[in-house]
Amino acid sequence: MGLGKLESFLEDHIEGFFNKRFSSDLEPVELMKGLEKEIAREGRGKPKHLVPNQYAFRLAEEDYQRLCAQRVIDELYAAVEKQVILQDYTMEGRLTVCCHPDEGRTKGTYALKSRFADEEPAGACAEAAHTIVLERPTFTDAAPLNLPKDYQTVSLTVIEGPDLDAYLAFGEKQIYIGRRDKNEFILTDTNASRLHAWIAYEKHRHVLYDAQSTNGTFVNGARIESCCLMPGDEIRIGATVLVYEVI
């Protein structure tokens, strides 16, 4: 057994022992830690660091009833997207995160399975998707039904230039950067083009593209045509420097 596999084995079994010996309420942060480990385990050694796009938890009935509200599922979904970026992996297809009740499972424990899946949920995720307990929103809290959920997982912050401290949080949407008024990130820097660059969402990663700008787009000092962004990357546009971070 390799060192990495041994560490994973010990982590899972020691954690499982303490969960069974001292069972307590399961918290969302524990599920997030499980996702982090699962993504790291699956991505290690895979071609192009490709990780599964479907994650299904099996929970004790009591934990399931308490945790599987839409709010928690949304938090777990965002956690996966953040881990894909932080661990420098990629993912194909639509991401699905779901929970399923397991009558035989001890309170305070969980099982997590991941798989590569087609666009539609299958197996445990399909079943769980129909049994998640949702809180009914009030009229004022309800979002328009035709708008997709906006998971804000990353940000751009200006750390140098005329628009110092300008900030934008975003997720899966395409972001346009430059001086024109209809850009998502508007700059007043006269050295920036009207449409200077844009950020696309590809394979669950943010990819920066130069829009054939006059003065070019630079990442960490190097001029780019396109670049898959990593947390901490500094983007120079004219006299402006923006930093990309996971939030």
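Everything below is about the structure shown above.
Everything numeric in this text was worked out from a predicted model, so none of it was measured. (Residues numbered from 1 in each chain as written. Predicted model: local features only at pLDDT ≥ 70, side-chain atom pairs only at ≥ 80, totals over all residues. Heavy atoms only, no water.)

K.L.:
Account for the overall build of the chain, with residues named and values stated.
P.N.:
Of the regular secondary structure elements, the chain holds five helices and 16 strands. Here the chain, with 247 residues, has 43% of them falling under the buried criterion. Within the chain, counting contacts between residues at least 6 apart in sequence, those at least 24 apart form 62% of the total. Total accessible area on the chain is roughly 13,700 Å²; 53% of this is exposed by carbon and sulfur atoms. (Helix = DSSP H or I, 4+ residues; strand = E, 2+ residues; numbered from the N terminus. Buried < 20%, exposed > 50% of the residue type's maximum accessible area, 1.4 Å probe, protein only. Contact = heavy atoms within 4.5 Å. Areas by Shrake-Rupley, 256 points an atom, 1.4 Å probe, with all protein chains shown as cover.)

K.L.:
Provide a residue-level description of the sheet that holds strand 5 (residues 110–115), including the pertinent values.
P.N.:
Spatially, 4-2-5 is the arrangement adopted by the three strands of the open sheet, whose pairing is mixed. The open sheet has two free edges, formed respectively by strand 4 (96–101) and strand 5, since each of these has just one partner strand. Averaged over all neighbouring strand pairs, the angle between strand axes comes to 20°, with direction disregarded. Sheet strands in contact with helix 4 (residues 70–86) are strand 2 (54–59) and strand 4, and its direction is about 135° off that of strand 4. (Pairing = 2+ DSSP bridges. Axes fitted to C-alpha atoms, helices over the stretch in contact; angles between N-to-C directions.)

K.L.:
Give me the lowdown on the packing of aromatic side chains, citing residues and values where you can.
P.N.:
Under the definition given, this model contains three aromatic pairs. Note on phenylalanine 57 and tyrosine 110: the rings are 5.7 Å apart at their centroids and 70° apart in plane angle, and the pair reads as edge-to-face. Here phenylalanine 57 is found in strand 2, whereas its partner tyrosine 110 is found in strand 5, with 53 residues between them in sequence. By relative accessible area, phenylalanine 57 is classed as buried at 0%. Taken together, a centroid distance of 5.1 Å and an interplanar angle of 15° make the contact between tryptophan 198 and tyrosine 209 stacked. Here tryptophan 198 is found in strand 10 (residues 197–202), whereas its partner tyrosine 209 is found in strand 11 (residues 205–210), with 11 residues between them in sequence. (Phe/Tyr/Trp six-rings, centres within 6.5 Å; stacked < 30°, edge-to-face > 60°.)

K.L.:
Please give an account of the pattern of salt bridges that cites residues and values.
P.N.:
For the structure shown, the criterion picks out 10 salt bridges. Between lysine 203 and glutamate 92 there is a salt bridge; the shortest N-O distance is 3.5 Å. Of this pair, lysine 203 sits in the loop between strand 10 and strand 11 while glutamate 92 sits in the loop between strand 3 (90–91) and strand 4; the two residues are 111 residues apart in sequence, bridging distant segments of the chain. Judged by its relative accessible area of 42%, lysine 203 falls in the partly exposed class. The partly exposed category is assigned to glutamate 92, whose relative accessible area is 40%. (Salt bridge = Lys/Arg side-chain N within 4 Å of Asp/Glu carboxyl O.)

K.L.:
So, the pairing of strand 6 (residues 154–160): which residues are in play, and what are the values?
P.N.:
The sheet contact formed by strand 6 and strand 7 (residues 167–170) spans four bridges and is antiparallel. The partner of valine 154 across the bridge, within strand 7, is phenylalanine 170. Here strand 6 folds back onto strand 7 in antiparallel fashion, the turn holding six residues, of which glycine 161 has a positive phi close to 120°.

K.L.:
Just give me the short version of the side chain of histidine 196, but keep the residues and values in it.
P.N.:
Here histidine 196 shows up in the loop between strand 9 (185–186) and strand 10. A polar contact of 3.4 Å, which involves the side chain of histidine 196, links it to the side chain of threonine 217. Setting aside chain neighbours within four positions, we find histidine 196 in contact with Ile177, Gly178, Asn191, Asp210, Ala211, Ser213, Gly216, Thr217, Ile237 and Gly238. (Polar contact = N/O pair within 3.5 Å; in protein donor to acceptor, adjacent residues only side chain to side chain.)

K.L.:
Explain unusual backbone geometry to me, and be specific about the residues and the numbers.
P.N.:
Phi at aspartate 165 takes a positive value of approximately 75°, unusual for a residue other than glycine. As for its position among the elements, aspartate 165 is in the loop between strand 6 and strand 7. For aspartate 165, a relative accessible area of 58% puts it in the exposed group. In the Ramachandran plot, lysine 203 falls in the positive-phi region, its phi being about 55° despite a non-glycine side chain.

K.L.:
I'd like a rundown of the pairing of strand 10, residues and numbers included.
P.N.:
Here three bridges tie strand 8 (residues 175–178) to strand 10, and the two strands are oriented antiparallel to one another. Following the sheet pairing, isoleucine 175 is matched in strand 10 by isoleucine 199. When strand 10 meets strand 11, the two strands line up antiparallel, connected through six bridges. The partner of isoleucine 199 across the bridge, within strand 11, is leucine 208.

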